[in-house]
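Chain and residue survey
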Amino acid sequence: MAEKNLYQKQGIKLNYYEIKNELQPLVLIHAQGVDAASFKNVWKHLSKKYHIYSIDCYGHGESLHDAKQYNIEDIGRAIICFMEDIVGKKAYLLGHSSGGLIAAYIASHTELCSCLILEDPPFFSSQGERRKNTFHYVDLSTICHNFINQSVHKDFVLYYFSNQYVWNLFPEQSREKVQQKMIFMAEKYRRKHPGKNLKVMFWPKAALSAFQGMNNYDPLFGEAFFNDSFHNGIRHEDILKNIKCKTIFMKARSEVNEDGILMAALSEKDLEKITELVKDFHIIRFDCGHGIHMENPKKFTECLVHLIDMGN
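For clarity, every value in this text was computed on a predicted model and none was experimentally measured. (Residues numbered from 1 in each chain as written. Predicted model: local features only at pLDDT ≥ 70, side-chain atom pairs only at ≥ 80, totals over all residues. Heavy atoms only, no water.)

**Focus: the overall build of the protein**
- Helices and strands together make up the secondary structure of the protein, namely 12 helices and eight strands.
- A globule of 312 residues ought to have a C-alpha radius of gyration of about 20 Å, and the protein, at 19 Å, matches this closely.
- Across its three principal axes, the protein shows a C-alpha extent of roughly 55 × 40 × 35 Å.
- Taking the contacts inside the protein whose residues are at least 6 apart along the sequence as the reference set, 69% of them involve residues at least 24 apart.
- Across the protein, the centroid of the 38 positively charged side chains sits 5 Å from that of the 37 negatively charged ones. (Helix = DSSP H or I, 4+ residues; strand = E, 2+ residues; numbered from the N terminus. Rg over C-alpha atoms; globule rule 2.2 N^0.38 Å. Contact = heavy atoms within 4.5 Å. Lys, Arg positive; Asp, Glu negative; His and termini not counted. Charge placed at Lys NZ, Arg CZ, Asp CG, Glu CD.)

**Some details on helix α8 (residues 219–226)**
- Burial within α8 is extensive, with seven of its eight residues counted as buried.
- Asp228 lies just past α8 and shows a positive phi near 70 degrees. (Buried < 20%, exposed > 50% of the residue type's maximum accessible area, 1.4 Å probe, protein only.)

**Here's the deal with the sheet that holds strand β4 (residues 50–55)**
- Read across the sheet, eight strands follow the order β1-β2-β4-β3-β5-β6-β7-β8 without closing on themselves; strand pairing throughout is mixed. Each edge of the sheet is formed by a strand with only one pairing partner; in this case those strands are β1 (3–9) and β8 (281–285). Strand after strand, the sheet turns through a mean of 20 degrees between neighbouring axes, direction not considered.
- Across the sheet, helix α2 (residues 72–87) lies against β1, β2 (12–19), β3 (24–29), β4 and β5 (91–96), angled at about 50 degrees from β2, the strand it touches most. (Pairing = 2+ DSSP bridges. Axes fitted to C-alpha atoms, helices over the stretch in contact; angles between N-to-C directions.)

**Quick look at the nonpolar core**
- Core analysis: the largest hydrophobic core is formed by 75 residues, its most contacted members being Met83, Leu116 and Phe161.
- Of all hydrophobic cores here, the second largest spans 26 residues; its members include Ala37, Trp43, Leu46 and Ile52. (Core = buried A, V, L, I, M, F, W, Y, C linked by side-chain atoms within 4.5 Å.)

**Regarding a positive patch on the surface**
- On the surface, a cluster of positive charge is made up of Lys188, Arg191, Lys192, Lys196 and Lys199.
- Residue position: Lys199 is located in the loop between α6 (172–192) and α7 (205–208).
- Judged by relative accessible area, which is 55%, Lys199 ranks as exposed. (Patch = residues over 30% accessible without salt bridge, like charges linked within 9 Å, V, L, I, M, F, W, Y side chains within 5 Å. Areas by Shrake-Rupley, 256 points an atom, 1.4 Å probe, with all protein chains shown as cover. Salt bridge = Lys/Arg side-chain N within 4 Å of Asp/Glu carboxyl O.)

**Some words on the packing of aromatic side chains**
- Under the definition given, this model contains 26 aromatic pairs.
- The interplanar angle of 80 degrees and the centroid separation of 5.7 Å between the aromatic rings of Tyr7 and Phe82 together place this pair among those described as edge-to-face. In this pair, Tyr7 is assigned in strand β1 and Phe82 in helix α2, connecting sequence segments 75 residues apart. As far as the burial class goes, Tyr7 and Phe82 line up, both buried.
- A cation sits over an aromatic face here: Lys273 above Phe124, 4.5 Å from the ring centre.
- Above the ring of Phe286, the side-chain terminus of Lys299 is found at 4.7 Å from the ring centroid. (Phe/Tyr/Trp six-rings, centres within 6.5 Å; stacked < 30°, edge-to-face > 60°. Lys NZ or Arg CZ within 6 Å of the ring centre and 35° of its normal.)

**Quick word on helix α5 (residues 156–163)**
- Counted residue by residue, α5 has seven buried out of eight residues, so it is predominantly covered.
- Taken residue by residue, α5 has Phe156, Val157, Leu158, Tyr159, Tyr160, Phe161 and Ser162 as its buried positions.
- Taken together, the buried residues of α5 touch α4 (135–148), α6 and α8.
- Sitting at the amino-terminal end of α5 is Asp155, which places a side-chain oxygen 3.1 Å from the backbone nitrogen of Val157. (Polar contact = N/O pair within 3.5 Å; in protein donor to acceptor, adjacent residues only side chain to side chain.)

**Considering the packing of α5 against α6**
- Two elements in contact, α5 and α6, have axes separated by 10 Å at closest approach and are oriented at 170 degrees. By the angle between their directions, the pair α5 and α6 is classed as roughly antiparallel. Residues Val157, Leu158, Phe161 and Ser162 of α5 form the contact with α6, whose participating residues are Gln179, Met182, Ile183, Ala186, Glu187 and Arg190. (Parallel < 35°, antiparallel > 145°, perpendicular 65-115°, else oblique.)

**Section: the pattern of salt bridges**
- One pass over the full model with this rule turns up 14 salt bridges.
- Residue Asp155 is joined to Arg190 by a salt bridge in which the shortest nitrogen-to-oxygen separation is 2.9 Å. Taken as a pair, Asp155 in the loop between α4 and α5 and Arg190 in helix α6 lie far apart in primary sequence, 35 residues in all.
- Here Asp155 falls in the partly exposed class, since its relative accessible area comes to 26%.
- Each of Arg235, Asp238 and Lys241 takes part in a single network of salt bridges with overlapping partners.

**A few points about the pairing of β8**
- Sheet analysis places strand β7 (residues 246–251) next to β8, joined by five bridges and oriented parallel. Counted as the bridge partner of Met250 is Ile284 from β8.
- Crossover connection from β7 via helix α10 (residues 268–277) to parallel β8: handedness right-handed. (Right-handed = clockwise from strand over helix to strand, strands pointing away.)

**Observations concerning the pairing of β2**
- With seven of eight residues buried, β2 lies mostly within the body of the structure.
- Hairpin remark: β1 followed by β2, antiparallel, with two residues in the connecting loop; positive phi at Gln10, about 45 degrees.
- Here four bridges tie β2 to β4, and the two strands are oriented antiparallel to one another. Bridged to Tyr17 within β4 is Ser54.

Coordinates in, geometry out; function isn't part of it.
Printed below as a string of structure tokens:
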């Protein structure tokens, strides 16, 4: 059973879940838009081999909501303090998506990470002008930007569901009808269960995983990716070349759609560039979408169990 706790120190506020034991610490950092509980489906299995710490990033869950600190440095430094004070020894560090960017920052700035596991983070693709041709930018980032610049709609979860880019993937002849029907069901569910994670009948389970914790997500976090302030001027190259520990990269499928939008976290060329920058680097490929631990939890956990059984 995971225990819910709060870490506070000199302006730092991090909500986290812990499964205690005497095993190797594993710190989990979630993706943007969800929260620490997005790893809940793998906690139990991983706790047989690891002491689990699953953290809410700033702007998510019950951690600090302060837009001035929605950047890789402030979040990274907060988690470094957490690892020093709460974990207390070297840990395996896993970050999913934007959480992978944060995890890499931590590994490049401390000796606290004995093994870095990157679950499909958007290196290079989410920074600078390139970010504008990615699924994340045309989807969550732009929707966040539009939401905070309007005053009619108050429910961000429903606003996101209604405006997500995925509607463009439906057949044009049936798109409007399906969209209206699905939005109607989403509105009905939100009225009845305003505090619960969104559920919509017939909507794919993997797609609904994106709404895990979105009730407590601050759209200003997405704005930081929209205007590129999240990176605080730090280049991904400079983060990656300073990583000294063993690094495992979990790579999901990549594809570019007919509009030239990268429908993935990063491209194969991006991955090649990371390979050149990180010395002790290993790639594990998954034939699934971006949410690897949600879409393929069996292989995901097997990889982590193998890592610890092999002593890295």
